[in-house]
Amino acid sequence: MAHTISQLQDYLESYYEYHMDTTVTTSAMSTKHMIINALLTKLDKVLRGAYPMLDFGKIERVGSVYETLAVRGFSDFDATFSIELSPDVWCMRKVNDFLPGFVDGLWLVMRQNAQGAPLATSPVDTFLHGKYISPRAVKVAVKRALINSLHYMGLKAHISESGPAVSATIIGSSDETFDHPISLDITPYLHLQGTNCLVAKNLPYIKQCSCGTINANNENNIPEFHNANPLCHIWRKSYHKEARLRIAEDVKIGCRRKALIIVKALRYNCSVLSVLNSYQLKTVFFHLCDHQTRWLPVDLSDRVLELLRELKNWIDSGSLPSYFDRDRNLLAECSGKSLVDVSLWLDSIIKLPEQNLIPLLQIQEK
């Protein structure tokens, strides 16, 4: 059956209604929300018990589920907490200071003031690798606490590391196997007073540089980078708080929430888009909102297509700048072949939405 472009609006509305996850806003929270809340409460107690002198904030529930941007059927939860660092003991150093020409925007967190605060006097010293806080050591601590918390609650899960996060795929309890696994990502941050939070930078490899051998014991205190360790000592600035504030304001306007949820649902339902993550789609949304001010309900189909067109333009340019750090390219670690496939798919959708998009929106109606 042939469809007209005038029908696209109705199909998009139905697609949104089907995929919008309202469980977090209901008075009777679903089982998965109760499990995650109980688990995070237990994790907080385990971490504080294991590191009683460590200064860290409460574990925060973040991400799409708590931003009312979740897609129904995908139980992906996120949580964060930050370890507070004293500026009297810790300082940030750019990796570029040690290795000119290295990737910009990366940092090391270095121990200082050994006379005023000798080693082992700071509770954060437990995470040191040489003179630097090791993301790996921090994540190992989180992983151990998470495993203990899951065991205490009788939950079965697969534990892994996903980028800067420690991830748990909860498959069941001691009594049952869940019909749908529950995914939880826990991301630890460092926070040095007066600066943005820092998040672990996952480097699959360390590029060769022209400065020759790098030795941790040389007079410049240049750290030694081990190719076998994918995380090394490297951190990058995080803008997760700014992103949360921005998304909370943006989605209040007109059809913005609908358009973003529809594009996120397409990512889950169309395998070619799986190379992209939710934050990349939010970033495209942020950029579009800067120059597109018309988001009336009747504009939904135009704005969805414009979001997809904006995404294609960024992919074709080879760079998607982070909204809060324009020097950071969010596409840098995506493979060229997969991005070409996404661009071709988007091109077919944008040129013939009635032929190539509407059938995708009908899948759940069959």
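Residues numbered from 1 in each chain as written. Predicted model: local features only at pLDDT ≥ 70, side-chain atom pairs only at ≥ 80, totals over all residues. Heavy atoms only, no water.

Draft legend 1. View of the packing of aromatic side chains. Applying the stated criterion across every chain yields a total of eight aromatic pairs. Ring geometry for tyrosine 323 against phenylalanine 324: centres 5.1 Å apart, planes inclined by 80 degrees, an arrangement best described as edge-to-face. Assessed through its relative accessible area of 14%, tyrosine 323 is described here as buried. Three or more aromatic residues link up through ring pairs in this structure, and these residues are Tyr239, Phe285, Phe286, Trp295, Tyr323 and Phe324. (Phe/Tyr/Trp six-rings, centres within 6.5 Å; stacked < 30°, edge-to-face > 60°. Buried < 20%, exposed > 50% of the residue type's maximum accessible area, 1.4 Å probe, protein only.)

Draft legend 2. Expanded view of the environment of glycine 116. Position of glycine 116 relative to the elements: it lies in the loop between β4 (106-111) and β5 (128-129). Since its relative accessible area comes to 58%, glycine 116 is described here as exposed. Distance in space between the C-alpha atoms of glycine 116 and valine 89 is 8.4 Å, their sequence separation being 27 residues. (Helix = DSSP H or I, 4+ residues; strand = E, 2+ residues; numbered from the N terminus.)

Draft legend 3. Quick look at the confidence of the model for the protein. Mean pLDDT for the protein: 84, with 85% of residues reaching 70 or above. Confidence scores differ between elements of the protein, with helix α3 (residues 95-98) showing the lowest mean pLDDT of 79 and helix α8 (residues 300-317) the highest of 96. The model gives residues 204-231 a pLDDT under 50, and that stretch makes 44 contacts with residues more than four places away or in other chains. (pLDDT = per-residue confidence, 0-100. Contact = heavy atoms within 4.5 Å.)

Draft legend 4. Broad picture of the nonpolar core. With 49 residues, the main nonpolar core has Ile262, Leu266, Leu276, Phe285, Val304, Leu346 and Leu361 as its most contacted residues. Of all the secondary-structure elements, those providing two or more residues to this core are α1 (8-19), α5 (240-250), α6 (256-269), α7 (278-291), α8, α9 (336-351) and α11 (358-361). Beyond its immediate chain neighbours, meaning those up to four positions away, leucine 276 contacts Arg267, Leu281, Leu311, Leu331, Leu339 and Val342. Residues Ile35, Phe127, Ile182 and Trp235 belong to the second largest nonpolar core, which totals 45 residues. (Core = buried A, V, L, I, M, F, W, Y, C linked by side-chain atoms within 4.5 Å.)

Draft legend 5. Structural detail: the pattern of salt bridges. For the structure on display, the rule yields 16 salt bridges. With its nearest N and O atoms 2.9 Å apart, the salt bridge here joins lysine 337 to aspartate 341. Note that lysine 337 and aspartate 341 are positioned in helix α9 at a spacing of four residues, about one turn of the helix. For aspartate 341, a relative accessible area of 30% gives the class partly exposed. (Salt bridge = Lys/Arg side-chain N within 4 Å of Asp/Glu carboxyl O.)

Draft legend 6. Quick peek at the side chain of lysine 312. Tracing the backbone shows lysine 312 in helix α8. There is a polar contact of 2.5 Å between the side chain of lysine 312 and the side chain of aspartate 316. Setting aside anything within four residues of it in sequence, one finds lysine 312 in contact with Ser343, Leu346, Asp347 and Ile350. (Polar contact = N/O pair within 3.5 Å; in protein donor to acceptor, adjacent residues only side chain to side chain.)

Draft legend 7. Examining the packing of α1 against α8 more closely. Close contact between α1 and α8 brings their axes to 8 Å; oriented N to C, the two are set at 80 degrees. Relative to α8, the element α1 lies roughly perpendicular. For the pair α1 and α8, contact is made by Leu8, Gln9, Leu12 and Glu13 and by Leu300, Ser301, Val304 and Leu305, respectively. Of the residues contributing to the contact of α1 with α8, the split by class is five nonpolar, two polar and one charged. (Axes fitted to C-alpha atoms, helices over the stretch in contact; angles between N-to-C directions. Parallel < 35°, antiparallel > 145°, perpendicular 65-115°, else oblique. Nonpolar A, V, L, I, M, F, W, Y, C, P; charged D, E, K, R; others polar.)

Draft legend 8. Highlighting the pairing of strand β7 (residues 155-162). As paired elements, β7 and strand β8 (residues 165-173) share eight bridges and run antiparallel to each other. Bridge pairing links serine 160 to serine 167 in β8. (Pairing = 2+ DSSP bridges.)

Draft legend 9. Structural view of α8. The end-to-end C-alpha distance of α8, which contains 18 residues, comes to 26 Å, matching closely the 26 Å that a straight helix rising 1.5 Å per residue would cover. Among the residues of α8, Leu300, Ser301, Arg303, Val304, Leu305, Glu306, Leu307, Leu308, Glu310, Leu311, Lys312 and Ile315 are the ones counted as buried. Contacts made by the buried residues of α8 are with α1, α6, α7, α9 and α10 (353-356). One or two positions beyond α8, positive phi appears at glycine 318, with a value near 85 degrees. (Expected span 1.5 Å × (residues − 1).)

Draft legend 10. How the structure looks around the packing of α1 against α6. The interhelical angle for the contact between α1 and α6, taken along N-to-C directions, is 75 degrees, at an axis separation of 9 Å. By the angle class used here, α1 and α6 are roughly perpendicular. Of the residues in α6, those touching α1 at Leu12, Glu13, Tyr15, Tyr16 and His19 are Arg257, Lys258, Ile261, Ile262, Ala265, Leu266 and Asn269.

Draft legend 11. Layout of α5. Looking only at α5, the buried set comprises His240, Ala243, Arg246, Ile247 and Asp250. The buried residues of α5 all sit within an arc of 125 degrees when viewed along its axis, so they share a single face. (Arc of directions from axis to C-beta.)

Draft legend 12. Spatial organisation of the pairing of strand β9 (residues 177-192). The pairing of strand β2 (residues 76-85) with β9 spans ten bridges and is classified as parallel. Residue pairing across strands places leucine 85 opposite leucine 192, the latter belonging to β9. What sits between β8 and β9 in their antiparallel hairpin is a turn of three residues. Strand direction decides the pairing type here: β9 and strand β10 (residues 198-200), joined by two bridges, are antiparallel. Of the residues in β10, the one forming a bridge with leucine 190 is leucine 198. Counted between consecutive antiparallel strands, the loop separating β9 from β10 contains five residues, among which glycine 194 sits at a positive phi close to 90 degrees.

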